[in-house]
Amino acid sequence: MIWLYLLSGIFLGWSLGANDTANIFGTAVGTRMIRFRTAAIVTAVFVVLGAVISGEGATHTLGKLGAVNAIAGSFTVALAAAVTVAWMTKLKLPVSTSQAIVGAIIGWNFFTGSPTDINTLIKIVTTWVLCPLLAAAFAFVIYKFTMAVLPRSRVHLLQQDSYNRVGLLLVGAFGAYSLGANNIANVMGVFVPANPFTDLSFSTLFTLSGTQQLFLLGAIAIGVGVFTYSYRVMLTVGNDLFKLTPVAALVVVLSESIVLFLFASKGLETWLASHGLPTIPLVPVSSSQAVIGAIIGIVLAKGGRGINMKVLGKVSSGWITTPVIAAVISFIGLYFAQNVFEQKVVEPINETRIEIQHQNTQIDTLKNSIIDEFDLKKNINIKDSIKMIP
Amino acid sequence: MAVLFKKIKNLEAQIDNYLDMVVKGGFLFKQGIKYFLEEQTDEFESRLVSIDTTESDADNLRRKIEKRLYTETLIPESRGDVLGLLEACDKVLNKTAETLHQFSVEIPFILPEVKNFYIELTDISVSALEEMVAAVRSYFTDINHVRDHINKVQLYESESDKIAEKIKRIVFRSDIRLSQKMHMRYFALHIESIADEAEDVCDRLSIAAVKRFI
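Computed from a predicted model, the values in this text were never measured in an experiment. (Residues numbered from 1 in each chain as written. Chains lettered and ligands numbered in written order. Predicted model: local features only at pLDDT ≥ 70, side-chain atom pairs only at ≥ 80, totals over all residues.)

(A) Local environment of the overall build of chain B. Along chain B, the regular secondary structure elements total six helices and zero strands. In sequence order, chain B lays out its α and β elements as α-α-α-α-α-α. The C-alpha atoms of chain B give a radius of gyration of 19 Å, which matches the 17 Å a tight globule of 214 residues would have. Summarising its shape, the C-alpha atoms of chain B cover approximately 70 × 35 × 20 Å along the three principal directions. Counting every position in chain B, which comprises 214 residues, the buried fraction comes to 41%. (Helix = DSSP H or I, 4+ residues; strand = E, 2+ residues; numbered from the N terminus. Rg over C-alpha atoms; globule rule 2.2 N^0.38 Å. Buried ≥ 20, exposed ≤ 12 C-beta atoms within 10 Å, placed from the backbone.)

(B) Local environment of the interface of chain B and chain A. Taken together, the contact between chain B and chain A spans 18 residues of the former and 15 residues of the latter. Counting residues per element, the ones that place at least two in the side of chain B that touches chain A are helix 1 (2-37) and helix 4 (112-141) of chain B. A per-element tally of the side of chain B that touches chain A places helix 1 of chain B first, with five residues. (Contact = placed C-beta atoms within 7 Å.)

(C) Summary view of the nonpolar core. Among the nonpolar cores identified, the biggest contains 120 residues, and Ala81(A), Ala104(A), Ile105(A), Ala139(A), Val251(A), Val252(A) and Val259(A) are the most heavily contacted of them. The element contributing the most residues to this core is helix 10 (residues 246-262) of chain A, with 13 residues. Leave out the neighbours within four places in its chain, and Val252(A) touches Ala139(A), Leu244(A), Val291(A), Ala294(A), Ile295(A) and Ile298(A). Judged by nonpolar contacts, the second largest core, of 63 residues, contains Leu19(B), Leu93(B), Tyr118(B) and Ala195(B). (Core = buried A, V, L, I, M, F, W, Y, C linked by C-beta atoms within 7 Å.)

(D) Molecular detail of helix 5 (residues 71-90) of chain A. Residues and elements named next belong to chain A. For helix 5, which comprises 20 residues, the first-to-last C-alpha distance of 28 Å matches the rise-based estimate of 28 Å (1.5 Å per residue) to within 8%. Among the 20 residues in helix 5, 15 count as buried, and that is most of the element. Just beyond helix 5, the residue with positive phi is Lys 92, at close to 60°. (Expected span 1.5 Å × (residues − 1).)

(E) Region of the structure containing helix 7 (residues 118-149) of chain A. The first and last C-alpha atoms of helix 7 of chain A sit 46 Å apart over 32 residues, in line with the 46 Å expected at 1.5 Å per residue. Along its length, helix 7 of chain A shows its largest kink, about 30°, at Leu130(A), and proline Pro132(A) lies within four residues downstream of that point. (Bend = angle between axes of the 7 residues up to and from the residue.)

(F) Quick peek at the packing of helix 1 (residues 2-19) of chain A against helix 8 (residues 157-188) of chain A. Residue and element names in this part refer to chain A. It is the contact of helix 1 with helix 8, at a shortest axis distance of 8 Å, that shows an interaxial angle of 140°. The residues of helix 8 that touch helix 1, namely those facing Gly 9, Leu 12, Gly 13 and Leu 16, are Asn 183, Asn 186, Val 187 and Met 188. Of the residues assigned to the contact of helix 1 with helix 8, the class counts are four nonpolar, four polar and no charged. (Axes fitted to C-alpha atoms, helices over the stretch in contact; angles between N-to-C directions. Nonpolar A, V, L, I, M, F, W, Y, C, P; charged D, E, K, R; others polar.)

(G) Representation of the environment of Glu45(B). All names here are of chain B. Note that Glu 45 resides in helix 2 (residues 41-71). Residue classification places Glu 45 among the partly exposed residues on the basis of 15 C-beta atoms within 10 Å. C-alpha of Glu 45 to C-alpha of Leu 100: the two residues are 55 residues apart in sequence and 9.4 Å apart in space.

(H) Region of interest: the confidence of the model for chain B. Predicted confidence across chain B gives a mean pLDDT of 94, with 99% of residues reaching 70 or more. What the predictor reports for the complex is a pTM of 0.79 with an ipTM of 0.85. (pLDDT = per-residue confidence, 0-100.)

Quick look at the structure:
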């Protein structure tokens, strides 16, 4: 029965693999610089690694927005996000999985009467705006640097081509890792509070936590999406959407990967906090919008001509339409799940749980000020333990 | 990955060899014209055979390079330009072999007073060819210097026009048959057209060089 509920997350993972991975290897495969099989294998492996090793950061932020604590609720929320993505894709409207899942979680909050953490919501929406801007900034700088160095490098054109291929492969691996780390929250984040998996120990070697097992499942779904459907999307990206030179493609993928990594890396957050620097919020962001931002960065680096304002308009309208549509679908879906299919979409929250959640919030605040003495992993394990209290 | 880099090195060497053959063709042409004008028939015929062999080998090598670029899907963005450049260089090499053949077949009468001008015209045209090859090599390894070489080709082409005109003026003011004048005129044109073809290659090259960094 548990597997049935996880199906909507698995479907969301599959569609992420089918669509978003084209942003990483689309140009490389479309121009035949890298074979699809190589791209698919590298993507699948590194998405799994990124999701399992670094996926918790962005998931934690989604959990603060709304802790969907019943598996049927998680199923409905993930399904609402998946339907939104599928429907808007069919209508050829720009859609971001990250924005859809946020809207669906807010829909659950409205349905169950749970409060929406406004600070977290503001943080999330700010990153949606920041993501393409940051990607543009990175792409601008990296492209300028590359164009300054490359003509002076005296490397043979054919050798440049082979370095470019290797570069696309390495940066693609990094991009896949960042995608897994950042976007696994979209796929499996809503299932974390109602996680059916328990920790798995492999003798003294290592332990795979319940959350990591959930992420592994989601990452495998992404991998299946890559192998089964992403080829035609990659060809579309490579041949129709972006007419990029291989060098420009490398810059775009690198910029996108850096941005996704920045918004997913707990290690970086810890390092910044320990040095008294402002931290980067760990939030799932749209890889497609990061790519669009990076391309605009390159256009600006070339002189700023040819920016398609229509595309920009579509991207920014998506920030509003996608979460709203997802919230409405989520609300309606939850109504049917609860009243028609008689499924429990929310666990009742008692005062003890509220106090424990409050304590968790305090612990988070304490974490930022004395980070060296605070083990984040322990913090999350405490939450998992608390969930088991009847 | 090491295999990929080895393949690339091998292809680089092939392209270099091809360009070397074009330069060799120009050198053999210069020698051939010199021996023709000095009436050293055996040396001339030997240069003719050598230029035919060089031209044929260059054709085979060019086809191999083209095939490899497409089958190994190398340099997808610049592949069309590179192949176009190699084929344009081949036209210049063909022109040198063709012109030498025409000297061999038609055995034109050359006025003694214009022989030195013919030698000078040949030198200038072959220099244009050599600068053209240098420009194409720069396209692959040192894009910033392509323009310098293209400039020189244009200067040589302009100079070849002047010398060709000088030859024609002297020939048509001389006291020989009209048929001989026309014959000499066309041979001056054939030699001059080598520099013209080299300039056409450079026009194409300058666009390809700009495209590389768009």
